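Listed below, chain by chain, are the residues.
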Amino acid sequence: MRRSLLFIPGNNPGMLRNADIFSSDAVIFDLEDAVSINEKDNARMLVSNFLKSVVDYPVEVVIRINGFDTPYYHDDLIEIVSDKIDTIMIPKAHAKDIEKLTEILEKLEEERKLEQEIKIIPIIELATSLLEVEKIAKYPRVNGILLGGEDYTSDLEVERTVEGSEILYARSKIVVACKAFQIDAIDTPFTDVNRNDLLLEDAKFSKGLGMNAKAAIHPNQVEIINEVYSPTQEQITWAKRVIIASEEASKKKLGVYSLDGKMVDKPIISRAEKILIKAKKFKLI
């Protein structure tokens, strides 16, 4: 369960050291797009050595490896797979890539006697990937799917706009697949780091579609993203009242009851429970 995931270039020592101070729920140490070809080895070693030096990292550690269509992904995995990481993010993901990555992780986890199972976040960046999104969401290690809006629109040969109508279908399809399998639907980053007013609008819109998290490419975006994707105090108060009323109704053996003149049944109770789970997770109550 996440709200914000902050991309950190893997070849930037200063940002690696300070990545945990920006209040994001996860940090994504990027070995792919943020790193030029001649810096791949350096970035890989920097991230690996940094993680070895950390005793207990306070947020989720995600590593965006290079794609399976490149010669770099294997070295990425060999170097960085350890108990210091929580999740692998794989770009331009297809179902066959998830199968292959799962096999590699299983082998490395066994060989290195890791204490935890490493999860996977596929990035949907191609039209062919979007066609497979329901299949991708089914894999046991996948606990979130990220939309890569820039590469996706490039693949569609359409202009990426602030309004975002060109990614509406992709957003909606990813949301439905993720909700069906109870994993995180993670929205594409907002690329204009100087327009937090537009970031706010974009995040609110994607949340309205069902996205529950958003990637950030600059630390200044994290606060807004966290605020948008967190339950509001009004929602938390309502959820608490629903649960209290539900407990009273249960004592009276009532399956349906009324609160503030509105009928409350199982779906409403479930929504209230989810709000309170999120509020506790993000330390809002």
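This section reports on the structure supplied with the text.

Re the sheet that holds strand 4 (residues 87-90)
Stage number 1. Judged by pairing direction, the barrel is parallel, and its eight strands sit side by side in the order 1-2-3-4-5-6-7-8 before closing back on the first. Strand-to-strand, the axes of this sheet are offset by a mean angle of 25 degrees, without reference to chain direction.
Stage number 2. Two elements, strand 6 (residues 144-147) and strand 7 (residues 184-187), share three bridges in a ladder whose sense is parallel. Bridge assignment links I145 to a residue of strand 7, and that residue is A185.
Stage number 3. The sheet strands contacting helix 8 (residues 168-180) are strand 5 (119-124), strand 6, strand 7 and strand 8 (213-216), and the helix crosses strand 6 at an angle near 180 degrees.

Re the side chain of D76
Stage number 1. As for its placement among the helices and strands, D76 is situated in helix 3 (residues 73-80).
Stage number 2. Take D76: its relative accessible area is 1%, and that puts it in the buried class.
Stage number 3. Once residues lying within four places of it in the same chain are set aside, the contact partners of D76 are L31, R44, I65 and N66.

Quick look at a negative patch on the surface
Stage number 1. Together, E99, E103, E106, E110 and E111 make up a negatively charged patch on the protein surface.
Stage number 2. Here E106 shows up in helix 4 (residues 95-111).
Stage number 3. By relative accessible area, E106 is classed as partly exposed at 44%.

Some points on helix 9 (residues 196-209)
Stage number 1. Taking 1.5 Å per residue, 14 residues should reach 20 Å; helix 9 reaches 20 Å between its end C-alpha atoms and fits that length.
Stage number 2. Here helix 9 has its buried residues at L198, L199, D202, A203 and S206. All buried residues of helix 9 fall inside an arc of 135 degrees around its axis, so they share one side. Away from its buried face, by an angle of more than 90 degrees, helix 9 presents the exposed residues E201, K204 and G208.
Stage number 3. Along its buried surface, helix 9 packs onto helix 8, strand 7, strand 8 and helix 10 (222-229).
Stage number 4. G210 occupies a position one or two residues after helix 9 and carries a positive phi of about 120 degrees.

Structural notes on the environment of G261
Stage number 1. Among the structural elements, G261 can be located in the loop between strand 9 (257-259) and strand 10 (262-264).
Stage number 2. Its relative accessible area of 72% is what places G261 among the exposed residues.
Stage number 3. With 234 residues separating them in the primary sequence, G261 and V27 have C-alpha atoms 44 Å apart.

Examining the environment of S270
Stage number 1. Mapped onto the fold, S270 is located in helix 12 (residues 266-281).
Stage number 2. Owing to a relative accessible area of 27%, S270 belongs among the partly exposed residues under this scheme.
Stage number 3. Spatially, the C-alpha atom of S270 lies 26 Å from that of L5, the residues being 265 residues apart in sequence.

Here's the deal with the nonpolar core
Stage number 1. In this structure, F29, Y57, I63, L77, I88, I145 and I174 are the most contacted members of the largest nonpolar core, which totals 65 residues.
Stage number 2. Of the residues forming this core, the biggest block, six residues, is contributed by helix 4.
Stage number 3. Setting aside its immediate chain neighbours within four residues, L77 contacts I65, I88, L101, I104, L105, L108 and R112.

Let's talk about helix 10
Because each turn of an α-helix spans 3.6 residues, side chains separated by three or four positions end up pointing in the same direction.
Stage number 1. Along helix 10, six of the eight residues are buried, which leaves the element largely enclosed by surrounding structure.
Stage number 2. Buried within helix 10 are the following residues: V222, I224, I225, N226, V228 and Y229.
Stage number 3. Close packing links the buried residues of helix 10 with strand 1 (4-9), strand 7, helix 9 and strand 8.

Here's the deal with the packing of aromatic side chains
Stage number 1. Going through the model one piece at a time under the given rule, you end up with four aromatic pairs.
Stage number 2. With a centroid separation of 5.9 Å and an interplanar angle of 75 degrees, the aromatic rings of F29 and F50 are classed as edge-to-face. Pair noted here: F29 is in strand 2 (residues 26-30) and F50 is in helix 2 (residues 40-53), with a separation of 21 residues, a long-range link. An identical accessibility class is assigned to F29 and F50; each is buried.
Stage number 3. Pairwise contacts between aromatic rings join F29, F50 and Y57 into one cluster.
Stage number 4. One cation-aromatic arrangement involves R3 over F282; the distance from NZ or CZ to the ring centre is 3.9 Å.
Stage number 5. Taking the ring centre of Y72 as reference, the NZ or CZ of K40 above it sits at 5.7 Å.

Re the packing of helix 8 against helix 9
Stage number 1. Orientation of helix 8 relative to helix 9, taken along the N-to-C sense of each, is 45 degrees, at an axis distance of 9 Å. Taken together, the axes of helix 8 and helix 9 lie oblique to each other. Note that helix 8 runs across helix 9; the crossing there is right-handed. For the pair helix 8 and helix 9, contact is made by L168, R171, S172 and V175 and by D202, F205, S206 and L209, respectively.
Stage number 2. Of the residues assigned to the contact of helix 8 with helix 9, the class counts are four nonpolar, two polar and two charged.

Criteria and thresholds
- Residues numbered from 1 in each chain as written.
- Predicted model: local features only at pLDDT ≥ 70, side-chain atom pairs only at ≥ 80, totals over all residues.
- Heavy atoms only, no water.
- Pairing = 2+ DSSP bridges.
- Helix = DSSP H or I, 4+ residues; strand = E, 2+ residues; numbered from the N terminus.
- Axes fitted to C-alpha atoms, helices over the stretch in contact; angles between N-to-C directions.
- Contact = heavy atoms within 4.5 Å.
- Buried < 20%, exposed > 50% of the residue type's maximum accessible area, 1.4 Å probe, protein only.
- Patch = residues over 30% accessible without salt bridge, like charges linked within 9 Å, V, L, I, M, F, W, Y side chains within 5 Å.
- Areas by Shrake-Rupley, 256 points an atom, 1.4 Å probe, with all protein chains shown as cover.
- Salt bridge = Lys/Arg side-chain N within 4 Å of Asp/Glu carboxyl O.
- Lys, Arg positive; Asp, Glu negative; His and termini not counted.
- Charge placed at Lys NZ, Arg CZ, Asp CG, Glu CD.
- Expected span 1.5 Å × (residues − 1).
- Arc of directions from axis to C-beta.
- Core = buried A, V, L, I, M, F, W, Y, C linked by side-chain atoms within 4.5 Å.
- Phe/Tyr/Trp six-rings, centres within 6.5 Å; stacked < 30°, edge-to-face > 60°.
- Lys NZ or Arg CZ within 6 Å of the ring centre and 35° of its normal.
- Parallel < 35°, antiparallel > 145°, perpendicular 65-115°, else oblique.
- Left-handed = near helix turned anticlockwise from the far one by under 90°.
- Nonpolar A, V, L, I, M, F, W, Y, C, P; charged D, E, K, R; others polar.

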